[in-house]
Amino acid sequence: MALSRTDEAKRALAQKVRAVRVAVHRDRGRAAAMEICDQLQRAREAGLAIERGSIVSAYWPMRDELDTRKLLGTLHGDGMQCALPVMQHKDKPLSFRRWRPGDVLEEASFGVAEPTSDQPVLIPEIMFVPLLAVDGDGNRLGYGGGYYDRTLLERRHGRGGPVVAVGVAYDAQRVPVVPHDEGDARLDWLITEQGFKRFGPA
């Protein structure tokens, strides 16, 4: 099946920003993982509401993704209930299971680390989301599977309660325009090692 013009533009942008992320991760990855926690605190002071006891999810990092393990540990230490995503069927939204420091994770599809099946399912109120690129309006370029888009759109259409989507990325992953269509879910916030941004309504 031929790709749409939007999908072709996404693929071209993905190829470009992957190389950028690899380079930044190599040069700044360890420092950025620490700095992201400082920027999260600044974002919370500026209005990102994460209260003690809130259910938050983040991703377990792979390859050159910005490392969120320090972020998860900080959130858990501040009294949040933390969760990691679990992939179900390829056309289904994500599920989320509880994560606590020291938990054993199991390898799932694509090498993703997930909580074991005996961990309880949680419904996150705040989702820290990985990405390849993001623009000034909060449009996010993901990895092509659509898992986060399906999950966020389902929540925003009234299933499971409201959710706040927070992109986590290196500042170098910000671009002028991300190609998008009605199947893509915008972010509410972005946090990078250099700062944070709150996006306006669609």
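In this text, all values refer to a predicted model and were calculated from it rather than measured experimentally.

Caption draft 1: Broad picture of the pattern of salt bridges. As enumerated under the stated definition, the model contains 9 salt bridges in all. Where lysine 10 meets aspartate 184, a salt bridge forms, and the shortest distance between an N and an O atom there is 2.9 Å. Residue lysine 10 is found in helix α1 (residues 5–45), and its partner aspartate 184 is found in the loop between β9 (164–168) and β10 (189–192); the two are separated by 174 residues along the sequence. The residues lysine 10 and aspartate 184 share a single accessibility class, namely buried. Of the charged contacts in the structure, one is a salt bridge between arginine 44 and aspartate 78, with a shortest N-O distance of 3.3 Å. A residue pair is termed long-range when its members are at least 10 positions apart, and arginine 44 in helix α1 and aspartate 78 in the loop between α2 (69–77) and β2 (81–86) qualify at 34 residues.

Caption draft 2: Unusual backbone geometry, seen in detail. Even without being a glycine, arginine 63 presents a positive backbone phi close to 50°. Along the polypeptide, arginine 63 turns up in the loop between β1 (55–57) and α2. A relative accessible area of 68% means that arginine 63 is categorised as exposed.

Caption draft 3: A look at α1. Here α1 spans only 40 Å end to end across 41 residues, well under the 60 Å set by a 1.5 Å rise per residue. Taken as a whole, α1 carries its principal kink of about 80° at arginine 28. Backbone geometry just downstream of α1 places glycine 47 in the positive-phi region, at approximately 130°.

Caption draft 4: Spatial organisation of the pairing of strand β6 (residues 126–129). Alternating positions in β6 separate into two faces, Ile126 and Phe128 on one and Met127 and Val129 on the other, with burial throughout. Sheet topology places β1 next to β6; 2 bridges connect them, and they run parallel. Bridging from a neighbouring strand, valine 56 pairs with isoleucine 126 of β6.

Conventions and cut-offs
Residues numbered from 1 in each chain as written. Predicted model: local features only at pLDDT ≥ 70, side-chain atom pairs only at ≥ 80, totals over all residues. Heavy atoms only, no water. Salt bridge = Lys/Arg side-chain N within 4 Å of Asp/Glu carboxyl O. Helix = DSSP H or I, 4+ residues; strand = E, 2+ residues; numbered from the N terminus. Buried < 20%, exposed > 50% of the residue type's maximum accessible area, 1.4 Å probe, protein only. Expected span 1.5 Å × (residues − 1). Bend = angle between axes of the 7 residues up to and from the residue. Pairing = 2+ DSSP bridges.

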